[in-house]
Amino acid sequence: MDTDPAWAGRLRAQRRHPDRRWSLAEMARELRAAASRRVPPVPVAHPESLRRQIRGWEAGQHRPSEPYRMLYADVFGLSEEELFDVPAPAPLLEDRLPDLTGLPEIEGVVARVMARTGRRLGAATVAALQARAHALRLADDVLPGGDLVEVANRQLDQAVLLHREGSHPASVGRALLCHVGEIAQVAGWIAADAGDPAGAERAYQVGLSAAHEGGDAALESNLLGSHAYLLTGDDRTRRMALTLAEAATTTAAASGSAHARALAWDRLAWVHARMGAAAQAARALVVLCYVETS
């Protein structure tokens, strides 16, 4: 044990602390509970698999990657620096975004995963993409599109590359595709805000393909509606906007999500209004009201 990394000893000591005295199974349960409390929740390994990983971590065979270092810190009430001797993570974007500090970079997480498992991707990669989509949404709330568009485009390109080049089981592949779609939706919105309609259209098309292949009808509907919203800004593309908005309502109905249906009908009403079709816009708003009260 003398040759074990210091962090491995800390993990053992914290788990066996007199106030805890947790078994490996209990430690796995605590990590999973911490993951479920995260917003959004963080996907982690199955309990039995996680228990084996904990044993390996405590033996110093390899250091936990994200999101597990973050979850360990949550469970023990310590920082990652204290537990794992890692430097404090750099801010995601700028000092203006303190709430986003510490969210895992896609490339950093995946580099560690691939170093250990070749090119096989799993829960850590899914969590990284999920965190990145959430981070971009938060950033979009406080920064103009021009400050974010390069970051958003880069993250979208990296996410697509990960799914395309990585090896993963079907369930992980579907989850990756859905998170690619989420990043694409935010990236498209940011590009539109930055005055780059071509970039926004590219992002929405990538997202639509990913959401459809991943089987997320609610996300697909959202992307269709976002794309329609973009196209209403030009007289030449409003007919296409109407086609997309109508498709969004159909797709949302198949999703079973009342929120997706309401959003789709709201955007259809907007498209009709921009086309000067007051009666059709009013009918769409009536349906929207019905969805919201049903």
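Residues numbered from 1 in each chain as written. Predicted model: local features only at pLDDT ≥ 70, side-chain atom pairs only at ≥ 80, totals over all residues. Heavy atoms only, no water.

1. Side note on the overall build of the protein
Argument step 1. Each helix and strand in the protein was counted, giving 14 helices and 0 strands.
Argument step 2. Burial status across the protein gives 46% buried among its 294 residues.
Argument step 3. The contacts of the protein with a sequence gap of at least 6 include a subset with a gap of at least 24, amounting to 63%.
Argument step 4. When the accessible surface of the protein is split by element, carbon and sulfur atoms take 52% of a total near 14,200 Å². (Helix = DSSP H or I, 4+ residues; strand = E, 2+ residues; numbered from the N terminus. Buried < 20%, exposed > 50% of the residue type's maximum accessible area, 1.4 Å probe, protein only. Contact = heavy atoms within 4.5 Å. Areas by Shrake-Rupley, 256 points an atom, 1.4 Å probe, with all protein chains shown as cover.)

2. Considering the environment of leucine 71
Argument step 1. Note on placement: leucine 71 falls in helix α4 (residues 68-76).
Argument step 2. The spacing of leucine 71 and alanine 34 is 37 residues in sequence and 6.0 Å in space, taken between C-alpha atoms.
Argument step 3. Once residues within four sequence positions are removed from consideration, leucine 71 is found in contact with Leu31, Ala34, Ala35, Arg38 and Val44.

3. Overview of the nonpolar core
Argument step 1. Judged by nonpolar contacts, the single largest core of 47 residues is most densely connected at Leu129, Leu156 and Ile183.
Argument step 2. Mapped by element, the contributors of at least two residues to this core are α7 (123-142), α8 (145-165), α9 (170-193), α10 (197-214), α11 (217-231), α12 (238-255) and α13 (258-274).
Argument step 3. Element by element, the count of residues in this core is highest for α9, at 10 residues.
Argument step 4. Membership of the second largest hydrophobic core comes to 26 residues, among which are Val42, Trp57, Val75 and Phe76. (Core = buried A, V, L, I, M, F, W, Y, C linked by side-chain atoms within 4.5 Å.)

4. Things to note about the environment of leucine 176
Argument step 1. Within the secondary structure layout, leucine 176 lies in helix α9.
Argument step 2. On the accessibility criterion, leucine 176 (1% relative accessible area) is buried.
Argument step 3. Along the sequence, leucine 176 and glutamine 130 sit 46 residues apart, while their C-alpha atoms lie 8.7 Å from each other.

5. What about the pattern of salt bridges?
Argument step 1. Under the definition given, this model contains 8 salt bridges.
Argument step 2. The partner of arginine 38 in a salt bridge is aspartate 74, and the shortest N-O contact between them spans 3.0 Å. Residue arginine 38 is found in the loop between α2 (24-37) and α3 (47-58), and its partner aspartate 74 is found in helix α4; the two are separated by 36 residues along the sequence.
Argument step 3. For aspartate 235, the salt bridge is made with arginine 238, and the minimal N-O distance between the two is 2.6 Å.
Argument step 4. Exposure remark for aspartate 235: the relative accessible area of 61% places this residue in the exposed category.
Argument step 5. A residue is classified by how much of its surface remains accessible, and arginine 238, at 15% relative accessible area, is buried.
Argument step 6. Several salt bridges share partner residues, and in doing so they unite Glu48, Arg51 and Arg52 into one network. (Salt bridge = Lys/Arg side-chain N within 4 Å of Asp/Glu carboxyl O.)

6. Some thoughts on the environment of leucine 288
Argument step 1. Position of leucine 288 among the secondary structure elements: in helix α14 (residues 278-293).
Argument step 2. Since its relative accessible area comes to 9%, leucine 288 is described here as buried.
Argument step 3. Note: C-alpha distance between leucine 288 and leucine 263 (25 residues apart in sequence) is 8.1 Å.
Argument step 4. Leucine 288 has contacts with Ala262, Trp265 and Asp266, leaving out every residue within four places of it along the chain.

7. Quick look at a nonpolar patch on the surface
Argument step 1. Side chains of Trp189, Tyr229 and Trp270 sit close together on the surface and give an oily, nonpolar patch of about 290 Å² of accessible area.
Argument step 2. You can see tyrosine 229 is positioned in helix α11. (Patch = residues over 30% accessible without salt bridge, like charges linked within 9 Å, V, L, I, M, F, W, Y side chains within 5 Å.)

8. A closer look at α12
Argument step 1. Relative to the 26 Å expected for 18 residues at 1.5 Å per residue, α12 spans 25 Å between its end C-alpha atoms, a close match to the ideal helical length.
Argument step 2. For α12, the complete set of buried residues consists of Arg238, Ala241, Leu242, Leu244, Ala245, Ala248, Thr249, Thr251 and Ala252.
Argument step 3. Residues of α12 that are buried make contact with α11 and α13.
Argument step 4. Glycine 256 sits one or two residues past α12 and shows a positive phi near 75°. (Expected span 1.5 Å × (residues − 1).)

9. Examining the packing of α2 against α3
Argument step 1. The geometry of α2 relative to α3 is characterised by a closest axis approach of 9 Å and an angle of 110° between their N-to-C directions. One element, α2, and the other, α3, form an angle in the roughly perpendicular class. Counted together, Leu24, Ala25, Met27, Ala28, Leu31 and Arg32 of α2 and Pro47, Leu50, Arg51, Ile54, Arg55, Trp57 and Glu58 of α3 form the full contact between these two elements.
Argument step 2. For the contact of α2 with α3, the class distribution of residues is 9 nonpolar, no polar and 4 charged. (Axes fitted to C-alpha atoms, helices over the stretch in contact; angles between N-to-C directions. Parallel < 35°, antiparallel > 145°, perpendicular 65-115°, else oblique. Nonpolar A, V, L, I, M, F, W, Y, C, P; charged D, E, K, R; others polar.)

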